[in-house]
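What the coordinates show
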Amino acid sequence: MKVRIFDTPEAVASALAERVADALAARPSLVLGLPTGRTPIAAYAELRRLHTAGRADFSRASTFNLDEFAGIPALHAGSFRAFMDRHLFGAVNLPPARIHFLDGAADDLDAECARYEAAIEAAGGLDLQMLGIGANGHIGFNEPGDELAARTHRVRLADTTRRDNAPLFGGDPANVPREALSMGMGTILKAAEIVLIATGERKAQCVERAIGGPVTTRLPASFLQLHPRVELYLDRAAASRLRP
Ligand code: PGA
């Protein structure tokens, strides 16, 4: 894995936004995989800025988000779709028909997962997947466990994950859905290129284990070691446990 270390979280965000803008310039029909979470917010702000400056054209691009809560409609303020509308989609020229999202309100959630997996294939696969990482090493809603589902699947959310997402649901973890849908690690590893961002001391240990530890379902991010084209953009705090 290729590691790039930046002085500040802001520098990580602008490097990621530049990376995406460069990928769009090289391939206007880019198929881009997108994460939610606190870390990418600054990168999305930077991408909006690059778009306004005429340096990030999404008019021919397609996007696939990593995951979504189950049991709530896309219009719910706590949905990841609403998060993306706020932070990116509402401010760039991405055609709505090429924004792809898991529908957490689908009647048949297993069929919805299969539909999404097929839609990624039909788009020609993901060219560039942006990722965050949980402090426990999760990727998307692929949580540490005895086994991992390879493809897009339903997930029962851990209490810790529901607590982490409470700010999207009025601050009360009880309001956070109990289930979600997520791309699997196999779906993610089929992307041609992957860029993972991590900032802050809280991520230092999982970053160290993801890069240098064994590949294990106990740390889903460790599976990224199996991919030939992964870059990690880290600030100094997130990189603080890596050997120089
Ligand atoms: P965070 O989440 O950016 O809010 O830390 C990252 C993740 O859980 O993937």
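Our subject is the structure that appears above.
Cut-off values and rules
Residues numbered from 1 in each chain as written. Predicted model: local features only at pLDDT ≥ 70, side-chain atom pairs only at ≥ 80, totals over all residues. Heavy atoms only, no water. Helix = DSSP H or I, 4+ residues; strand = E, 2+ residues; numbered from the N terminus. Buried < 20%, exposed > 50% of the residue type's maximum accessible area, 1.4 Å probe, protein only. Near = heavy atom within 4 Å. Polar contact = N/O pair within 3.5 Å; in protein donor to acceptor, adjacent residues only side chain to side chain. Areas by Shrake-Rupley, 256 points an atom, 1.4 Å probe, with all protein chains shown as cover. 1 Å grid on protein atoms, 1.4 Å probe; cavity = no way out; pocket = protein on both sides within 12 Å on 5 of 7 lines; lining within 4 Å. Sits in = over half its atoms within 2 Å of the grid points. Nonpolar A, V, L, I, M, F, W, Y, C, P; charged D, E, K, R; others polar. Salt bridge = Lys/Arg side-chain N within 4 Å of Asp/Glu carboxyl O. Points joined across faces, edges and corners; volume = space filled by probe spheres on them. Contact = heavy atoms within 4.5 Å.

Quick look at the environment of Arg-27
Relative to the helices and strands, Arg-27 is located in the loop between helix H1 (9-26) and strand E2 (31-34). The exposure class of Arg-27 is partly exposed, given its relative accessible area of 44%. For the pair Arg-27 and Arg-60, spaced 33 residues apart in sequence, the C-alpha separation works out to 9.1 Å.

Quick look at the site of the ligand
In the neighbourhood of the ligand, the contacting residues comprise Gly-37, Arg-38, Thr-39, Gly-132, Ile-133, Gly-134, His-138, Arg-202 and Lys-203. Within the backbone of Arg-38, a nitrogen or oxygen atom sits 2.8 Å from an oxygen atom of the ligand. Considering the ligand on its own, with 280 Å² of exposed area, one finds that the protein chains cover 85% of that surface. If you map the ligand onto the pockets, it falls in the largest pocket. Of the residues in the shell around the ligand, the class split is 1 nonpolar, 5 polar and 3 charged.

Considerations on the pattern of salt bridges
Should the charged atoms of two oppositely charged side chains come close, the side chains can pair. Evaluated as defined, the whole model comprises 14 salt bridges. A salt bridge links Arg-115 to Glu-112, with the nearest nitrogen and oxygen atoms 2.7 Å apart. Taken together, the residues Arg-115 and Glu-112, both in helix H4 (residues 109-122) and 3 residues apart, mark about one turn of the helix. One network of salt bridges, with partners in common, ties together Arg-19, Glu-193, Arg-229 and Glu-231.

Things to note about the layout of surface pockets
Over the atoms rolls a probe the size of a water molecule, and in doing so it shows where empty space is left. Here the largest pocket is characterised by a volume of approximately 650 Å³. As for the largest pocket, its lining consists of 28 residues, and the residues nearest its centre are Thr-36, Gly-37, Arg-38, His-138 and Asn-165. Taken together, the elements giving at least two residues each to the lining of the largest pocket come down to helix H2 (40-52), helix H3 (80-87) and helix H5 (159-164). Here the lining of the largest pocket gets 3 residues from one element, more than from any other, and that element is H5. For the lining of the largest pocket, the per-class residue count stands at 11 nonpolar, 11 polar and 6 charged.

What about H3?
Within H3 the residues assigned to the buried category are Phe-80, Ala-82, Phe-83, Met-84 and His-87. At its buried positions, H3 is contacted by E2, H2, strand E3 (62-65) and strand E4 (67-69).

As far as function goes, none of this settles anything; it's purely spatial.
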